[in-house]
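Coordinate analysis (summary)
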Amino acid sequence: MKRKVIAGNWKMNMLPNETIKFIEELTPMVKDTENEVILCVPYIDLFYALLNAQGTNIKIGAQNMHYEESGAYTGEISGKMLKSIGVEYVIIGHSERRQYFAETDETVNKKIKTALANELKPIVCVGETLSQREAGKAEKIITKQTELALEGLTEKQVKELIIAYEPIWAIGTGKTATKEDANEAIKAIRNKIAKIYGQTVADGVIIQYGGSVKSSNAKELFEMSDIDGGLVGGASLKPEEFSKIVNYNK
Ligand code: 13P
């Protein structure tokens, strides 16, 4: 069976000392899962997270990176820097970055390429706004975002990445997409990938759902045919709640 991948996105939360404590508490709670567990933490916490997750099944990711390899980009972090300390994953194109930090489909595409060149696995976010959904445009928007994000990538590169379908109206609102709607949207993304790279590649790509995932709805979402796990915001900030999401099939 295809693996399920459950990633926490801490966003701008948690200090280094809280990170250490969190990983100490989470480790025994998730040690027996067959699902992949990832924590995407703020830059300042990465080193502590990596040190404390050593020897566990918890993998560590960042939440953003720059698309250039190095240079005069004050305040930015490169893919090479992330790789040098042992980071494995990096979220790219989260809707909060698209909304507040001028991230575009073009910068998302560039970042994915640089991440892959540095052997980081990108978690690429796509998702529609409420008005786009209400206008019946959700599928068109997310498939276009997917196409632009993947532009110029080889089949081999596409196999390395994870896509997270995160409807913007479901993020931090407590409003989850229905399991059927989430599954349909993810199927549409997969069909788009199949059109470009073929069905076998598309079937192999991990596509997560994100948006108000919690322990009470994780199971019904993750059991859907096309949903390969979740990208979890608020509910990833408490070890016990996050462990229940990771262990949704226990
Ligand atoms: P919430 O789980 O808090 O809705 O956030 C989802 C998200 O944006 C994860 O990247």
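Residues numbered from 1 in each chain as written. Predicted model: local features only at pLDDT ≥ 70, side-chain atom pairs only at ≥ 80, totals over all residues. Heavy atoms only, no water.

1. Things to note about the packing of helix 1 (residues 16–30) against helix 2 (residues 43–53)
At their nearest, the axes of helix 1 and helix 2 sit 9 Å apart, and the two run at 25° to each other. The orientation of helix 1 relative to helix 2 falls into the category roughly parallel. Here the hand of the crossing between helix 1 and helix 2 comes out right-handed. Judged by residue contacts, P16, T19, I20 and I23 of helix 1 engage I44, D45, Y48, A49, N52 and A53 from helix 2. Among the residues forming the contact of helix 1 with helix 2, the class breakdown is seven nonpolar, two polar and one charged. (Axes fitted to C-alpha atoms, helices over the stretch in contact; angles between N-to-C directions. Helix = DSSP H or I, 4+ residues; strand = E, 2+ residues; numbered from the N terminus. Parallel < 35°, antiparallel > 145°, perpendicular 65-115°, else oblique. Left-handed = near helix turned anticlockwise from the far one by under 90°. Contact = heavy atoms within 4.5 Å. Nonpolar A, V, L, I, M, F, W, Y, C, P; charged D, E, K, R; others polar.)

2. Some points on the site of the ligand
In the vicinity of the ligand there are 13 residues, among which K11, H94, G172, S212 and G234 approach most closely. Within the contact set of the ligand, an oxygen atom lies 3.0 Å away from a side-chain nitrogen or oxygen of N9. One nitrogen or oxygen atom from the main chain of G234 is found 2.8 Å from an oxygen atom belonging to the ligand. (Near = heavy atom within 4 Å. Polar contact = N/O pair within 3.5 Å; in protein donor to acceptor, adjacent residues only side chain to side chain.)

3. Some thoughts on helix 12 (residues 239–246)
Where helix 12 is concerned, the buried positions are P239, F242, S243, I245 and V246. What you see down the axis of helix 12 is that its buried residues fit within an arc of 155°, all on one side. The elements touched by buried residues of helix 12 are strand 1 (5–9), helix 1, strand 2 (36–40), helix 11 (218–222) and strand 8 (229–232). (Buried < 20%, exposed > 50% of the residue type's maximum accessible area, 1.4 Å probe, protein only. Arc of directions from axis to C-beta.)

4. Topic: the nonpolar core
As a rule of thumb, soluble globular proteins bury nonpolar side chains together. Among the nonpolar cores identified, the biggest contains 64 residues, and L39, I60, I112, I193, Y209, F222 and F242 are the most heavily contacted of them. Per-element tally for this core: the top contributor is helix 9 (residues 179–197), with seven residues. Not counting the four nearest positions on each side in its chain, I112 is found in contact with I92, P122, V124, A149, L153 and L161. Residues I38, Y89, I206 and L231 belong to the second largest nonpolar core, which totals 12 residues. (Core = buried A, V, L, I, M, F, W, Y, C linked by side-chain atoms within 4.5 Å.)

5. Considering the packing of aromatic side chains
Within this structure, the stated rule accounts for four aromatic pairs. Relative to F22, the ring of W10 has its centre 4.8 Å away and its plane inclined at 75°; by these criteria the two rings are edge-to-face. Placement of the pair is W10 in the loop between strand 1 and helix 1 and F22 in helix 1, with a sequence separation of 12 residues. Here W10 matches F22 in class, with each residue buried. Seen from their ring centres, Y100 and F101 are 6.4 Å apart, and the 90° between their planes marks the pair as edge-to-face. For the residue pair Y100 and F101, the accessibility class agrees, reading exposed in each case. (Phe/Tyr/Trp six-rings, centres within 6.5 Å; stacked < 30°, edge-to-face > 60°.)

6. Section: the confidence of the model for the chain
For the chain, the mean per-residue pLDDT works out to 97, and 100% of the residues sit at or above 70. Looking across the chain, the model is least confident in helix 6 (residues 130–134), with a mean pLDDT of 94, and most confident in strand 2, with 99. (pLDDT = per-residue confidence, 0-100.)

7. A look at the environment of T19
By the secondary structure assignment, T19 is in helix 1. Linking T19 and D45, residues 26 residues apart in sequence, is a C-alpha distance of 6.6 Å. If we ignore the near neighbours within four places in the chain, the residues touching T19 are W10, M14, D45 and A49.

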